[in-house]
Amino acid sequence: MNNHIITCKNLTFTYEDSNIVVDNLSFTVSNGDYLCIVGENGAGKSTLIKGLLHLKKPESGTIQYAPSLDPRDIGYLPQQTPVQKDFPASVREVVLSGCLNRLRLRPFFGSGEKKTALTNMERLGIANLQNRCYRELSGGQQQRVLLARALSASKKVLLLDEPTAGLDPAATQELYDLIAGINQELGITIIMVSHDIHASLKYARHILQLSHRQRFFGTAEDYRQSAAGQFFIRESEGEAGPDVIPEPERAANPRETQALKGGTDND
Ligand SMILES: Nc1ncnc2c1ncn2[C@@H]1O[C@H](COP(=O)(O)OP(=O)(O)OP(=O)(O)O)[C@@H](O)[C@H]1O
Ligand SMILES: [Mg+2]
């Protein structure tokens, strides 16, 4: 038995008024994994995240969830826009709204949801801010609130779209440590979009690099050695050569390659 909780095969996404945005992605996510999705602006990362959340339908290909994972129970921290940063609600209300998926047919939050929200605010060090207005917080505090909200939605999988965007180095480091704790101590699977390749290599177990097509999927170690990885690392440091973009490649690890071909029963 493999422990894949998400299996994507030949996924393609388009928008009505644009060409193919994401073309032919195939990758797997295992229970407890930490996957970073990297790629340049406009590469299709947020589109893929919306696809995984069923907010966007694939043009072709499949997303298969393990029977134990209901896609409605995935926690989501969306990529931030200035409008969202101005949201007029209290911290407590924002975090509690993560529990909406648990209400099903009930109209109000119960003691279970309130306890979950409080536990997550305490874990992220924001319980003392719970009556403050979200829009009055610093960027780092706002991202902790949104992480607590995502955590309130799921005990299994969090999708985090650029959670550290716009934060200073100290707030960035704190958020990465909190996310690592959620992964390691709570066993929650993390799928994170990031432009920070060094942090991705430090924290993630697997890397998916997109540039509309799949440039790489495999372990962080293999990515570091790969032509695609070395090029992207140099490019993010401003050292890449002019026009040489390596062809897409898959993991050197035969187990990863096997997983891409349809999975094995023993990994
Ligand atoms: N709602 C939409 N309608 C039409 N095109 C869209 C829509 N959303 C995104 N796109 C286009 O799809 C492409 C991929 O966008 P996407 O937001 O997925 O990229 P991204 O990798 O998340 O970029 P960034 O790093 O800047 O967040 C872009 O060319 C974008 O303009
Ligand atoms: Mg994006």
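Treat the numbers as computed from the prediction; the structure is a model and nothing was measured. (Residues numbered from 1 in each chain as written. Chains lettered and ligands numbered in written order. Predicted model: local features only at pLDDT ≥ 70, side-chain atom pairs only at ≥ 80, totals over all residues.)

With that out of the way, let us pick up the site of ligand 1. The immediate surroundings of ligand 1 are formed by 13 residues, with Y15, N41, K45, S46 and T47 found nearest. Among the elements that take part in the shell around ligand 1, helix α1 (residues 45–52) stands out by supplying three residues, more than any other. Class assignment of the residues belonging to the shell around ligand 1 gives a composition of three nonpolar, eight polar and two charged. (Near = placed C-beta within 6 Å. Helix = DSSP H or I, 4+ residues; strand = E, 2+ residues; numbered from the N terminus. Nonpolar A, V, L, I, M, F, W, Y, C, P; charged D, E, K, R; others polar.)

All right, on to the pairing of strand β8 (residues 206–211) then. Burial runs high along β8: five of the six residues are buried. Of the pairings in the sheet, the one linking strand β3 (residues 34–38) to β8 comprises four bridges and is parallel in character. Bridge pairing links C36 to I207 in β8. The antiparallel hairpin formed by β8 and strand β9 (residues 213–219) contains one residue in its connecting segment, where H212 sits at a positive phi of about 70°. (Buried ≥ 20, exposed ≤ 12 C-beta atoms within 10 Å, placed from the backbone. Pairing = 2+ DSSP bridges.)

With that settled, the discussion passes to helix α10 (residues 227–236). Every buried residue of α10 is listed here: A228, G229 and F232. The buried residues of α10 occupy one face: seen down the axis, they fall within an arc of 95°. Tucked inside the fold, the buried residues of α10 contact β3, α8 (197–203), β8, β9 and α9 (220–225). Two residues or fewer past α10, G238 is found with a positive phi of approximately 75°. (Arc of directions from axis to C-beta. Contact = placed C-beta atoms within 7 Å.)

In this section: helix α5 (residues 111–123). The end-to-end C-alpha distance of α5, which contains 13 residues, comes to 18 Å, matching closely the 18 Å that a straight helix rising 1.5 Å per residue would cover. When we look at burial in α5, the residues that qualify are E113, T116, A117, N120 and M121. For α5, the angular spread of buried residues about the axis comes to 130°, placing them on one side. Exposed and oriented more than 90 degrees from the buried face of α5 are S111, G112 and K115. Where α5 ends, the next residue or the one after it, G125, has phi of about 70°, a positive value. (Expected span 1.5 Å × (residues − 1).)

Attention now goes to the nonpolar core. Of all hydrophobic cores here, the largest spans 62 residues; its most connected members are I37, A150 and L159. Looking at this core, the element that brings in the most residues is helix α6 (residues 139–153), giving seven residues. Among residues more than four places away in sequence, those in contact with A150 are G75, Y76, L77, G98, L158 and L160. (Core = buried A, V, L, I, M, F, W, Y, C linked by C-beta atoms within 7 Å.)

With that out of the way, let us pick up the packing of α5 against α6. One way to put it is that α5 packs onto α6 with a least axis distance of 9 Å and a crossing angle of 135°. One finds that α5 runs oblique with respect to α6. Crossing hand, α5 versus α6: right-handed. Across the interface between the two elements, T116, A117, N120 and M121 from α5 touch A148, L151 and S152 from α6. Taken together, the residues that form the contact of α5 with α6 break down as four nonpolar, three polar and no charged. (Axes fitted to C-alpha atoms, helices over the stretch in contact; angles between N-to-C directions. Parallel < 35°, antiparallel > 145°, perpendicular 65-115°, else oblique. Left-handed = near helix turned anticlockwise from the far one by under 90°.)

All we've got here are geometric facts, nothing functional implied.
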